Amino acid sequence: MVETQGGEPDDGTAEVLDRPLPDGVRRRVVQIVSDGFGGLTVGELPAQLRQYARFAPNRRAKFAGNAMAAALETDPLFRQRIGEKLREAQPELTGALDSGSAPAAADPLDVAAAAYVLRPAGWVKLVTAAGEEAQRADAERAGEESRAELERLREELTQAREHTRHETERLRAELDASRKEAESLHRKLRSALSDVKRGEAALRKAHAEIEAVRAEGTTQVSAAESETRRLKARLAEAEAALEATRRAAREGRSVEDMRVRLLLDTLLDATQGLRRELALPPVSVRPAETVDAVEPGRMTPKDIAARALSEHDPAILDQLLALPQAHLVVDGYNVTKTGYPQMPLEKQRLRLLGQLSQLAAQTGAEVTCVFDGAELAAPVLLAPPRGVRVLFSKPGVTADELIRQLVRAEPPGRPVIVASTDREVADGVARAGARPVVSAVLLKRLS
């Protein structure tokens, strides 16, 4: 050892580290202490470390690291004993440090940790240099990782831009196709409207012709009735003459009998000729059928108005669910808290889902029940019932927004029914083309 002017050995103990021990050096120091710990007796250990004497090295380094580092710093005798164990374990490194030089190929962290334990002259510089070297290595490694991450992000950005460009082109093509299809449908609609207008004009013309024929037939019937009355009068006269002729025949007047018979034959022939000339059809309408009245089994306008369903009638929900490909979206907690708010949330969900499963089996409609994920204290382990899709909103997304997303996902023209009392939800889905119904209607239908 080098002697100072006062005669004391210059072993580096007078040097003081003016900054915290670097993390890498501290870990190596704790490992050196843990390795040399097992070679000491319990009496050679500081009092605060004796409780860790029976620990395995790795477990000792994990649980007693702070205590060992503090003892090494404050207890010179303990540090000297650990230094002796280190010289036995790594003679080359410790010998080089004692001679005042460090091996070129040695790890700077190992050199700094050994210098911190042995405290040779200049050990503070070795520890400081090792800390700076470790920080520089960490900075270089972080820089490399940052450059690699930046390069990866650039590649992902390029891929995302390329994907966005392709997706934009595809959407533009679909939009052009949709526009062309819409124009074709508009042309077909205008053509259909023109056909309807022509049909309505032809129908009005046919009605006018029918009214004209009906008026002409009424006139002809009136003329025929007048002629019939006249013929009946003549027939009455003929019958009177016939009766007189019979009386004359009984009286032997054969000439008058012949004249009466001739007159009667003339009248009958004239009546048959008039019927053939007028082409009168057989009478099919009876006078009683011309009186305006309501027959049994026929509905009046008042009866039809009385059958209109109220917005709160559960039958209106059956009519909506009977539409082809109907989809019922249920605002879960809105319905349960309207119908049975006193029950716990878990029982509310089970009761509603069981009823919705029966409704789906009865109607054959697609049923989706949405619950607000913010209402949950923990994730739900739930087996969805048959025929019912169960969804919970993600964190930061409300059930109302999830319902609007479901409605927007449906193709235009599909019947979508949303059961919720929330006016904002009802207005939003109505603007998207869905049919809102209040929760009370669904509850009545389920009960």
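See above for the structure.
A few points on the structure.

As a further point, take the packing of aromatic side chains. We describe a pair of aromatic rings using the distance from one ring centre to the other and the angle between the two ring planes. The final tally for this structure, using the stated rule, is 2 aromatic pairs. Connected via pairs of aromatic rings, a cluster forms that spans Tyr333, Phe371 and Phe392. Geometry around Tyr333 places Lys337 over its ring, the cationic atom sitting 5.5 Å from the centre.

Direction vectors running N to C along helix α13 (residues 399-409) and helix α14 (residues 423-431) enclose 15 degrees, while the axes themselves pass 10 Å from each other. When the axis of α13 is compared with that of α14, the two are roughly parallel. When the axes of α13 and α14 are compared, the crossing they make is right-handed. Side by side, α13 and α14 meet where Asp400, Ile403, Arg404 and Val407 of the first sit next to Glu424, Val425 and Val429 of the second. Taken together, the residues of the contact of α13 with α14 break down into 4 nonpolar, no polar and 3 charged.

A few words now on the pairing of strand β3 (residues 327-331). For a regular strand, side chains alternate in direction, first toward one face of the sheet and then toward the other. Of all 5 residues that make up β3, 5 are buried, and the element is covered over most of its length. Of the two faces of β3, the one carrying His327, Val329 and Asp331 and the one carrying Leu328 and Val330 are both buried. As paired elements, β3 and strand β4 (residues 366-371) share 5 bridges and run parallel to each other. Bridging from a neighbouring strand, Leu328 pairs with Val367 of β4. Note: β3 against strand β6 (residues 416-419), 4 bridges, orientation parallel. Following the sheet pairing, His327 is matched in β6 by Val416.

A word on the nonpolar core. As a rule of thumb, soluble globular proteins bury nonpolar side chains together. Counting 32 residues, the largest nonpolar core has Val25, Val29, Leu72, Phe78 and Ile82 as its most contacted members. Looking at this core, the elements with two or more residues in it are α1 (23-37), α3 (65-74), α4 (76-89), α5 (91-98), α6 (108-118) and α7 (123-250). If near-sequence neighbours (up to four positions away) are discounted, Ile82 is found in contact with Ile32, Val33, Gly36, Phe37, Leu40, Leu72 and Val117. Among the nonpolar cores identified, the runner-up in size contains 28 residues, and Ile316, Tyr340, Ala360 and Phe371 belong to it.

If you walk across this open sheet you meet the 5 strands as β5-β4-β3-β6-β7, and the pairing is parallel. One side of each edge strand has no neighbouring strand; the edge strands of this open sheet are β5 (388-392) and β7 (435-437). Across the sheet, the mean angle separating the axes of adjacent strands is 20 degrees when strand polarity is ignored. Of the strands in this sheet, β3, β4, β5 and β6 are in contact with helix α11 (residues 332-339), which crosses β3 at around 65 degrees.

This paragraph deals with the pattern of salt bridges. Inspection of the entire model under this criterion finds 17 salt bridges. Asp195 is the partner of Arg198 in a salt bridge, and the nearest nitrogen-oxygen pair spans 2.0 Å. Residue Arg198 and its partner Asp195 are located together in helix α7, separated by 3 residues, close to a single helical turn. We note a salt bridge from Glu366 to Arg389, for which the minimum N-O separation is 2.9 Å. Of this pair, Glu366 sits in strand β4 while Arg389 sits in strand β5, and the two are 23 residues apart along the sequence. Its relative accessible area of 37% is what places Arg389 among the partly exposed residues. One network of salt bridges, in which partners are shared, links Glu366, Arg389, Glu410 and Arg414.

Rules used in this analysis
- Numbering of residues starts from 1 in every chain and runs along the sequence as written.
- Only residues with pLDDT of 70 or above have their local features reported here, since the model is predicted, and side-chain atom pairs are shown and tallied only from 80 upward, although totals for entire chains, interfaces and linings are computed over all residues.
- Only heavy atoms go into the side-chain values, all of them from the structure, while hydrogens and water stay out.
- Classification of ring pairs rests on two measures: the distance between centres of Phe, Tyr or Trp rings, Trp counted by its six-membered ring, which must be within 6.5 Å, and the angle between planes, read as stacked under 30 degrees, edge-to-face over 60 and tilted in between.
- In this scheme, the term charge over a ring applies when either NZ of a lysine or CZ of an arginine sits within 6 Å of the ring centre and within 35 degrees of the ring normal.
- To get an axis, fit a line to the C-alpha atoms, keeping to the stretch in contact for a helix; angles then go from 0 to 180 degrees between the N-to-C directions.
- Only DSSP runs of H or I covering at least 4 residues are called helices, and only runs of E covering at least 2 are called strands; the numbering of each starts at the N terminus.
- These descriptions rest on fixed angle ranges, namely under 35 degrees for roughly parallel, over 145 for roughly antiparallel, 65 to 115 for roughly perpendicular, and the rest for oblique.
- Definitions for this section: a left-handed crossing has its near helix turned counterclockwise from the far helix by less than a right angle. A right-handed crossing has that turn clockwise.
- Whether two residues are in contact is decided by their heavy atoms, any of which lying within 4.5 Å being enough.
- In this classification, the charged set is Asp, Glu, Lys and Arg, the nonpolar set is Ala, Val, Leu, Ile, Met, Phe, Trp, Tyr, Cys and Pro, and all remaining amino acids, among them Gly, are polar.
- Burial classes: relative accessible area under 20% of the type maximum marks a residue as buried, over 50% as exposed, and values in between as partly exposed (1.4 Å probe, protein chains only).
- One bridge is not enough; two strands pair if DSSP finds at least two bridges between them.
- What is meant by a nonpolar core is a set of buried Ala, Val, Leu, Ile, Met, Phe, Trp, Tyr and Cys residues, joined one to another through side-chain atoms within 4.5 Å.
- By definition, a salt bridge exists where a carboxyl oxygen of Asp or Glu is found within 4 Å of a side-chain nitrogen of Lys or Arg.

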